Amino acid sequence: MDSENASRSPEFPADLKYQSGFGNHFSSEAIAGALPRNQNSPLVCPYGLYAEQISGTSFTSPRKLNQRSWLYRVKPSVTHEPFKPRVPSHGKLVSEFNESNSSATPTQLRWKPVEVPEAPIDFIDGLYTLCGAGSSYLRHGFAIHMYAANKSMDNCAFCSADGDFLLVPQEGRLWITTEFGKLQVSPGEVVVLPQGVRFVVELPDGPSRGYVAEIFGTHFQLPDLGPIGANGLASPRDFLIPVAWFDQSSHPGYVIVQKFGGELFTAKQDFSPFNVVAWHGNYVPYKVTWRVNILCVMKPDFIFVQYELSKFCPYNTVLIDHSDPSINTGGFLIHGLSSLRSFIRYDPVHVYYYQNCFAWKFCFGSLFCFGAVLTAPTDKPGVALLDFVIFPPRWLVAEHTFRPPYYHRNCMSEFMGLIYGGYEAKADGFVPGGASLHSCMTPHGPDTKTYETTIALGNEAGPCRIANTLAFMFESCLVPRVCRWALESTYMDHDYYQCWIGLKSHFTCELGKEQNQDLQNGLEEKK
């Protein structure tokens, strides 16, 4: 269906309004005066509304981390029948990863794009888990899901009691109604739906598919900028939050579908959960957009204001080397124009001092061009439970440098997806809608074709711009287990390893047998 001519729900106007900011205390009212003044829970709320708080953190969390919102609604959310296990059960959602439902494998994995089924299927039934680690019961871990759907949710709403959803559509727009208001989310945008917040997904363009990262026990935040300074990467003002909208009409048999411990439960009620007339707080759904050109030029969309990729300000190599991406995630840089090995005084006692005071100051000659849009931190500084990273269009200008990502073994695990275009390290096989997983310490890097093409260009390649591409990564310090159905899927690319098999030796040093025996660490022994 042509998105320009798609029939638009009268409840989803073309000019949706948003508030902007990240981590702010927001407020919105669909009817003037619906928000109580001077207190959160008066004896009688304006217009006879009910006051209800939703807490995303414990009451006693530090103020800078505390997240909660007050909702003023026609009827409170507690007004429903008892929850019952959903029948039929879903069967392909996991929130506690162990030997009974998933497997550990160090093999490089890749999946081809999933085809949207012909039979009617909505977002809930089209959602399935690929991999993850940890447990929602223990409030630590993550799950990576994918979805493929072709019909809108009808007379039901969904929420996850397990964790926050970061939803990345790859094909087809999403019209999402939440208790806080409405959001339109297109491919090239992402939306975060916090734990416990109820929502409905409509599909104005018909078939839709995409990716979902779910985090347990924490929330996303903006990564620290470190030596970048006060500005750069994603700007807080470019995150968009819905404004209040409510439905007070009767809905007999309305179903709340709640994901709880990886299982689905349902409860019936006779009203819409989207009956919130006003709200205030900092525990809110939000979206961010990164789908247009990346030239640090403002280009607002002609339909509605959104965060475009042109507003995302990344950093890239300006001289030599393809350095570590930690500058974009708040971690330490360990490579660059000057590194720790460049300093004469180097011992375990002073390593930390050099990392913080010197290495950061001298590494600006080489910055890896991808940007962490959001991060879910752990209690270890610089270590993420899950980072959300994008690979946008960009310029490559490094001199005397192998410009694609280097060959790598990483203590972090990397799940990648592709929204559109191609990915610079994979000339073939990695296509939009597909996915790959490189787990902890599993080798990965450019395929044979990419390597040979890059080497053939030599040192005189000159500046070039990678355009018409948008890839992303979910990166975690935890080691993922892969669900059985993902390993047995017909969409599994069993020939993925072949992309590296063609790499041949380019070693050029020719030595005689006797001469070779006299070499140690590349230096000839003196006799």
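Residues numbered from 1 in each chain as written. Predicted model: local features only at pLDDT ≥ 70, side-chain atom pairs only at ≥ 80, totals over all residues. Heavy atoms only, no water.

Student: Kindly report on the overall build of the chain, identifying the contributing residues and their values.
Tutor: When helices and strands are counted, the chain shows 5 helices and 31 strands. Of all 527 residues assigned to the chain, the portion counted as buried reaches 53%. Once local pairs closer than 6 in sequence are excluded, the contacts in the chain between residues at least 24 apart make up 77%. Per element, the accessible surface of the chain, about 24,800 Å² overall, is 54% carbon and sulfur. (Helix = DSSP H or I, 4+ residues; strand = E, 2+ residues; numbered from the N terminus. Buried < 20%, exposed > 50% of the residue type's maximum accessible area, 1.4 Å probe, protein only. Contact = heavy atoms within 4.5 Å. Areas by Shrake-Rupley, 256 points an atom, 1.4 Å probe, with all protein chains shown as cover.)

Student: Explain the UniProt feature "active site" (unreviewed entry) in the chain to me, using residue names and the numbers behind them.
Tutor: As recorded in UniProt, the sites labelled "active site" (unreviewed entry) are His322. Take His322: it is sitting in the loop between strand 21 (286-289) and helix 1 (351-359). Relative accessible area serves as the criterion here: at 14%, His322 is assigned to the buried category. (UniProt positions renumbered as here; feature names shortened; annotations may be inferred.)

Student: Any details on the sheet that holds strand 3 (residues 50-55)? Residues and values, ideally.
Tutor: Strand order in the open sheet formed by 4 strands is 2-20-4-3, and the pairing between neighbours is antiparallel. In this open sheet, the two edge strands, each paired with only one partner strand, are strand 2 (26-29) and strand 3. The sheet shows a mean angle of 20° between the axes of neighbouring strands, taken without regard to direction. As paired strands, strand 4 (residues 68-73) and strand 20 (residues 276-281) are joined by 5 bridges and run antiparallel to one another. From the neighbouring strand, Trp70 faces strand 20, where its bridge partner is His280. (Pairing = 2+ DSSP bridges. Axes fitted to C-alpha atoms, helices over the stretch in contact; angles between N-to-C directions.)

Student: Got a sec to walk through empty space enclosed by the protein? Specific residues and values, please.
Tutor: Considering all chains together, one arrives at 3 cavities of 30 Å³ or more under this definition. Roughly 40 Å³ of volume is contained in the second largest cavity. What lines the second largest cavity is simply Cys131, Phe142, Ile144, Ser413, Glu414, Phe415, Leu437, Phe474 and Pro480. For the lining of the second largest cavity, the elements supplying multiple residues, two or more each, are strand 9 (140-149) and strand 25 (413-420). (1 Å grid on protein atoms, 1.4 Å probe; cavity = no way out; pocket = protein on both sides within 12 Å on 5 of 7 lines; lining within 4 Å. Points joined across faces, edges and corners; volume = space filled by probe spheres on them.)

Student: How would you summarise the side chain of Asp387 if you had to cite specific residues and measurements?
Tutor: Topologically, Asp387 is positioned in strand 23 (residues 384-391). Nearest to the buried, unbridged Asp387 among oppositely charged side chains is Lys380, at 15 Å. Among the polar contacts listed, one links the side chain of Asp387 to the side chain of Thr375, at a separation of 2.4 Å. (Lys, Arg positive; Asp, Glu negative; His and termini not counted. Salt bridge = Lys/Arg side-chain N within 4 Å of Asp/Glu carboxyl O. Polar contact = N/O pair within 3.5 Å; in protein donor to acceptor, adjacent residues only side chain to side chain.)

Student: How would you summarise the pattern of salt bridges if you had to cite specific residues and measurements?
Tutor: Using the criterion set out here, one finds 12 salt bridges in the structure. We note a salt bridge from Lys287 to Glu189, for which the minimum N-O separation is 3.0 Å. Highlighted residues: Lys287 in strand 21 and Glu189 in strand 14 (residues 189-193), separated in sequence by 98 residues. Taking the relative accessible area as the measure of exposure, Lys287 reaches 0% and is therefore buried. In this structure Glu189 comes out as buried when scored by relative accessible area, which is 0%. For Glu214, the salt bridge identified is with Lys259, shortest N-O distance 2.9 Å. Here the residue Glu214 occupies a position in strand 16 (residues 208-216), and Lys259 occupies one in strand 18 (residues 250-260), the gap between them amounting to 45 residues. Each member of the pair Glu214 and Lys259 is classed as buried. Counted as one network, the salt bridges with shared partners bring together Glu52, Arg73 and Glu179.

Student: An account of the layout of surface pockets is needed here, citing residue identities and associated values.
Tutor: Over the atoms a probe the size of a water molecule is rolled, and this reveals where empty space is left. Approximately 760 Å³ is the volume attributed to the second largest pocket. What lines the second largest pocket is a set of 31 residues, among which Leu65, Gln67, His219, Phe220 and Gln221 lie closest to the centre.

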